[in-house]
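# Structure at a glance
Below are the chains, spelled out letter by letter.
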Amino acid sequence: MGFARTCSVALVGVEGVVVEVQADLEPGVAAFALVGLPDKSLTESRDRVRAAVVNSGGEWPQKKLTVGLSPASVPKGGSGFDLAVAASVLGAAERIDPRTIADLVLIGELGLDGRVRPVRGILPAVLAAADAGYRQVVVPEQTAGEASLVPGVSVLGVRSLRQLIAVLTDEPVPDEEPTEEGRPDAMLAGLLVPGIGTGLAADPAEGPDLADVAGQRRARHALEIAAAGSHHLLLSGPPGAGKTMLAERLPGILPPLTRQESLEVTAVHSVAGILPPGEPLVRRAPYCAPHHSATMQSLVGGGNGLPRPGAVSLAHRGILFLDEAPEFSGKALDALRQPLESGHVVIARAAGVVRLPARFLLALAANPCPCGRYTLYGAGCECPPALVRRYQARLSGPLLDRVDLRVEAEPVTRADLLGQGGRGETTAVVAERVREARARAAARLADTPWRVNSEIPGHELRTRYHAAPGALAEAERDIERGMLTARGLDRVLRVAWTVADLAGHDRPDHRDVALALEMRTGVARGVPVGTGDRA
C-alpha cells in the first residue's frame, strides 16, 4: 500500500481554504475514486490527471486509487486541484518522494499533454496558504508574478508536469518549447473571462481630461470633493449637460492605490477572471459602469453554486458608475444599501455564505424626467406631474440618504461651449489637489483604522473630531426643520471635513459646513465655489 499527501487551496468567494490532497493505493481492481465534495469540473480531473501523467513519461498505477480532499465539508470546484492530485498520485506510486510534497501547496490545471495551465484566483489562494503557515507554493509559470506578490513565500513557476517531477526528484529539468513570438498563447485563455464590463482608471496623462468638460463649475467642485473624501455622488440634470463626461473623468483624479488596497483589488479581479496577463498588481482604481438592464445578482454578486463577485466587488476601492440610474430596477438599486454602509456584501446561497469586499465610490447620473426636459425653461416637457414624481421616486429615499453629494448639472451655455470663458482645470491639477487633501486626512487618521473621511463613524465625528465653534448652527437648524436625518448630519460632517482638507483648514468652519449642506440638500447657502476655478 502507498500513501502520499500534499496541499492545494479551495476558494470561497475571494477567501481561500487550504485543502489537504491525499492519495491512497491499495491492491485490487484498477479504479480511480475522487472524494471530498468535488464539483463536476473537479470530478473530471481524474481523466485529465491520468492522461497528463502518461503523456509526461510516467506510469499510471494499476491499483485501486482513492484521492481524498480534506476537509470534506468544504465545497471544492475548479480545475486548480489537478497539479496537487497528480503529485499525490505520483508520491503514492513512489515516483517521487512523498516527503518532498508534504509541505508544498500546488495550484494549477493540467492539460492532457502534461502542460500546466494557469487558473484564476492565484493571489487569494497564495495569501490563504501563507496565512496557514505554508512557505512553498508551486503555480503555473504564467501566474508566478501574481503569486510573488505575497511576501515570505517561495514561489516555483512550472510550465509542465515533467518539469515539476524533475525538480522534485533532482533530475535535469527539461526545456519546454516556448510559444513563438507573435503567436497567441493559448495557455492564457483560462485567465480572462470575456465580456466583463469593468476597467482600470487610466493614468491622468493618458485618460480623458477634466478640462474637456465645458462649464459645470459646481459639478466639477463636487467631483473633486467626492474624490478627496470618497463620498457618493448624484449628478442630475437634462441630457447633454455633461453628467457622463464628468463621471468618466472621476477615476483620473483619484490617487493611486496603496499596497494593501492593490492586493485587495488584485485578489477580487483574479477571482473574477479580469486580471490582465503580465500585470499581476492593480495599481489604479477600478472603474465599473454596468448597463441599466443589469440584474440584482450581477450588481451584488451571485451565480450557480458559490456566489461570484458582482459589480460592487469589481469596483472595490474604485468607482461604480450607474448611468441613467432611475432606469435600473428598484430591487437592484435597493440591494446597494448594505454595501454602501458596511463596505462589504454578504451573499447567502444554498451552496454557502460568502462575504465579498465592496467599498466603492458610487456615482449616479439621472435625468429629471423620462424625456429629460423637465428642468429646462421653454423646452416643452410633456411629462405629466404624476409621471415625473414616479420617475424621480425610483431612486428611493433610503438610497439617496446614503448619497453625500447631490448636484444639479446645469445646461451648458453658448459661451461655455465655445470656450469664451476659458478652459477649466486639467485632470492633473485637480488630481494633485485631491492627493494633498487625502494626505491631510491620512495624517489626521494615522492612529485609526480609517483612511478617508467617508469611513469615519458618526459617533467619532461628533465626539472626537470637532468643527470650529458655531460652525454647526445651520446644520442644527436643518435637523429641527426635518431637512436632515441623523445619518444626514453625519454625512454632512464628513463632507465638511473633506472641504476643509481641500481648503487647507485645520477643522471645518461655518463656510465648509454650509457648502456641505448645500451639496446635500440643494438649498443655496450663498457659498461661492472655492476650488475648481477656471485656469
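This text gives an overview of the structure that appears in the document. These figures come from a predicted structure and were not determined experimentally. (Residues numbered from 1 in each chain as written. Predicted model: local features only at pLDDT ≥ 70, side-chain atom pairs only at ≥ 80, totals over all residues. Heavy atoms only, no water.)

### Regarding the overall build of the protein chain
Under the convention used in this document: Secondary structure elements follow DSSP: runs of H or I of four or more residues count as helices, runs of E of two or more count as strands, with numbering from the N terminus. The cut-offs for exposure are 20% and 50% of the maximum accessible area for each residue type, with area from a 1.4 Å probe on protein chains only; residues under the lower value are buried, those over the upper are exposed, and the others partly exposed. Any two residues having at least one pair of non-hydrogen atoms within 4.5 Å are treated as being in contact. The Shrake-Rupley method, run with a 1.4 Å probe sphere, supplies the accessible areas, and residue values consider only the shown protein chains as cover. Counting rule for charge: Lys and Arg are taken as positive, Asp and Glu as negative, and neither His nor the chain ends is counted. Working definition for charges: the position is that of NZ of Lys, CZ of Arg, CG of Asp or CD of Glu.
Tallying secondary structure elements over the protein chain gives 22 helices and 17 strands in all. Seen along its three principal axes, the alpha-carbon backbone of the protein chain occupies a region of about 85 × 50 × 45 Å. Looking at the protein chain residue by residue over its 535 residues, the buried ones come to 51%. Within the protein chain, contacts between residues separated by at least 24 positions form 73% of all contacts whose residues are at least 6 apart in sequence. Split by element, the accessible area of the protein chain, about 23600 Å² in all, is 51% carbon and sulfur. For the protein chain, the distance from the average position of its 58 positive side-chain charges to the average position of its 62 negative side-chain charges is 5 Å.

### Comments concerning the nonpolar core
This is how the line gets drawn: Nonpolar cores are built from buried Ala, Val, Leu, Ile, Met, Phe, Trp, Tyr and Cys residues. Side-chain atoms within 4.5 Å join them into one set.
With 50 residues, the main nonpolar core has Ile225, Leu233 and Leu250 as its most contacted residues. When near neighbours in sequence (up to four residues on either side) are disregarded, Ile225 contacts Ser230, His231, Leu405, Val495, Thr498, Val499, Leu502, Leu515 and Met519.

### Some words on unusual backbone geometry
Among all residues save glycine, negative phi is the norm, and among peptide bonds the norm is trans. Along the chain, Ser70 connects to Pro71 via a cis peptide bond; the corresponding omega equals 10°. Look at Asp170: it is not a glycine, yet its phi comes out positive at around 60°. On the accessibility criterion, Asp170 (74% relative accessible area) is exposed. Although it is not a glycine, Arg317 sits at a positive phi angle of roughly 65°. You can see Arg317 is positioned in the loop between helix H12 (311-314) and strand E13 (319-322). For Arg317, a relative accessible area of 22% gives the class partly exposed.

### Thoughts on the packing of aromatic side chains
For clarity, the threshold we go by: Pairing of aromatic side chains here covers Phe, Tyr and the six-membered ring of Trp, requires ring centres within 6.5 Å, and sorts the geometry by plane angle: under 30 degrees stacked, over 60 edge-to-face, intermediate tilted.
Tallying each qualifying case throughout the model produces two aromatic pairs. Summarising the aromatic geometry, the rings of Phe32 and Trp60 are spaced 5.6 Å apart at their centres and angled 40° between planes, so their arrangement reads as tilted. Taken as a pair, Phe32 in strand E3 (residues 31-35) and Trp60 in the loop between helix H2 (45-55) and strand E4 (64-70) lie far apart in primary sequence, 28 residues in all. The residues Phe32 and Trp60 share a single accessibility class, namely buried. Between Tyr465 and Trp497 the ring centres are 6.2 Å apart and the planes differ by 80°, which places this aromatic pair in the edge-to-face class. Taken together, the residues Tyr465 in the loop between helix H19 (458-463) and helix H20 (473-480) and Trp497 in helix H21 (residues 486-503) connect sequence positions 32 residues apart. The two residues Tyr465 and Trp497 agree in class, both being buried.

### Some points on helix H7 (residues 161-168)
Across the eight residues of H7, six count as buried, placing the element largely inside the fold. The set of residues buried in H7 consists of Leu161, Gln163, Leu164, Ile165, Ala166 and Leu168. Immediately beyond the C-terminal end of H7, within one or two residues, lies Asp170, with a positive phi of roughly 60°.

### Let's talk about the pattern of salt bridges
How we decide: Salt bridge criterion: a side-chain nitrogen from Lys or Arg within 4 Å of a carboxyl oxygen from Asp or Glu.
Scanning all chains against the criterion turns up 27 salt bridges. The closest approach of N and O atoms between Glu341 and Arg491, which form a salt bridge, is 2.6 Å. Here Arg491 lies in helix H21 and Glu341 lies in helix H14 (residues 337-342), a separation of 150 residues in the sequence. Beyond isolated ion pairs, a larger network of salt bridges with shared partners links Glu341, Asp401, Arg402, Asp404, Arg487, Arg491 and Arg520.

### Some points on the environment of Arg259
Looking at the secondary structure, you find Arg259 in helix H10 (residues 259-272). Assessed through its relative accessible area of 47%, Arg259 is described here as partly exposed. Linking Arg259 and Arg283, residues 24 residues apart in sequence, is a C-alpha distance of 8.0 Å.

### Regarding the layout of surface pockets
For clarity, the cut-off: In this analysis the probe radius is 1.4 Å and the grid spacing 1 Å, with only protein atoms considered; a cavity is a set of points the probe fits into but cannot get out of, a pocket is an open set with protein on both sides within 12 Å along at least five of seven lines, and lining residues have an atom within 4 Å of a point. Grid points are joined across faces, edges and corners, and a volume is the space filled by probe spheres set on the points. Polar here means any residue other than Ala, Val, Leu, Ile, Met, Phe, Trp, Tyr, Cys and Pro, which are nonpolar, and Asp, Glu, Lys and Arg, which are charged; Gly is therefore polar.
Volume-wise, the largest pocket comes out at about 790 Å³. Surrounding the largest pocket, 32 residues form its lining, Leu11, Gly77, Gly78, Ser79 and Arg308 being those nearest its centre. Residues belonging to the lining of the largest pocket are distributed by class as follows: 17 nonpolar, ten polar and five charged. By volume, the second largest pocket amounts to about 550 Å³. At the level of secondary structure, the elements contributing two or more residues to the lining of the second largest pocket comprise strand E2 (15-26), helix H5 (122-131), H10 and strand E15 (352-357). Class assignment of the residues belonging to the lining of the second largest pocket gives a composition of ten nonpolar, six polar and six charged.

### With respect to the side chain of Arg520
Stated precisely, the cut-off is as follows: In protein, a polar contact means a hydrogen-donor-capable atom and an acceptor-capable atom, both N or O and within 3.5 Å, with residues adjacent in sequence counting only if both atoms are side-chain atoms; elsewhere, any N or O pair within 3.5 Å suffices.
Position of Arg520 relative to the elements: it lies in helix H22 (residues 510-521). The exposure class assigned to Arg520 is buried, which follows from its relative accessible area of 5%. Within the structure, Arg520 has its side chain in polar contact with the backbone oxygen of Val403 (distance 2.8 Å). The contacts of Arg520, once residues within four sequence positions are left out, are Leu400, Asp401, Val403, Asp404, Arg406, Leu484, Gly488, Arg491 and Val492.

### Re a nonpolar patch on the surface
Under the convention used in this document: Patch rule: a residue counts if its relative accessible area is over 30% and it has no salt bridge; like charges are joined within 9 Å, and nonpolar side chains (Val, Leu, Ile, Met, Phe, Trp, Tyr) within 5 Å.
Together, Leu156, Val167 and Val173 make up an exposed nonpolar region whose accessible area comes to about 200 Å². Tracing the sequence through the fold places Val173 in the loop between H7 and strand E10 (198-200). We classify Val173 as partly exposed; its relative accessible area is 45%.

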